[in-house]
Amino acid sequence: MQTIVINVNNDVLADKVRWLLEHFKSEGLEIVSKEDAYDLKLLRATRNEESVPFDEYLKNENLYP
């Protein structure tokens, strides 16, 4: 899978880009916010562990700024 990051300063343009990308969802495109992507990386790092103490999770929260 390839990851593409698009930074848009203008809210109107950002809405247009999202609208355009929505049309590719049926072809397998996944749209994830930057914040959600970081959370997913943190969760993936704990996938093989039975449980993770919340303090440990918070300690690793800033690994992916």
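(A) Quick peek at the overall build of the chain. Scanning the chain from terminus to terminus reveals three helices and zero strands. Each helix (α) and strand (β) of the chain, taken in turn from the N terminus, gives the series α-α-α. Within the chain, buried positions represent 3% of all 65 residues. Total accessible area on the chain is roughly 6400 Å²; 52% of this is exposed by carbon and sulfur atoms.

(B) Structural detail: a nonpolar patch on the surface. Together, Trp19, Leu20, Phe24, Leu29 and Ile31 line one region of the surface with nonpolar side chains, adding up to about 490 Å² of accessible area. Structurally, the position occupied by isoleucine 31 is in the loop between α1 (11–22) and α2 (34–45). Judged by relative accessible area, isoleucine 31 falls into the partly exposed class, the value being 37%.

(C) Examining the pattern of salt bridges more closely. One pass over the full model with this rule turns up two salt bridges. Between arginine 18 and aspartate 15 there is a salt bridge; the shortest N-O distance is 2.7 Å. Linking arginine 18 with aspartate 15, this pair stays in helix α1, spanning three residues, or about one helical turn. The salt bridge partner of lysine 25 is glutamate 22, with a shortest N-O separation of 3.3 Å.

(D) Broad picture of α1. The terminal C-alpha atoms of α1 lie 16 Å apart, and with twelve residues this matches the ideal 16 Å at 1.5 Å per residue to within 8%. Taking the backbone nitrogen of valine 12 as reference, a side-chain oxygen 2.7 Å away marks asparagine 10 as the first, capping residue of α1.

Calculation rules
Residues numbered from 1 in each chain as written. Predicted model: local features only at pLDDT ≥ 70, side-chain atom pairs only at ≥ 80, totals over all residues. Heavy atoms only, no water. Helix = DSSP H or I, 4+ residues; strand = E, 2+ residues; numbered from the N terminus. Buried < 20%, exposed > 50% of the residue type's maximum accessible area, 1.4 Å probe, protein only. Areas by Shrake-Rupley, 256 points an atom, 1.4 Å probe, with all protein chains shown as cover. Patch = residues over 30% accessible without salt bridge, like charges linked within 9 Å, V, L, I, M, F, W, Y side chains within 5 Å. Salt bridge = Lys/Arg side-chain N within 4 Å of Asp/Glu carboxyl O. Expected span 1.5 Å × (residues − 1). Polar contact = N/O pair within 3.5 Å; in protein donor to acceptor, adjacent residues only side chain to side chain.

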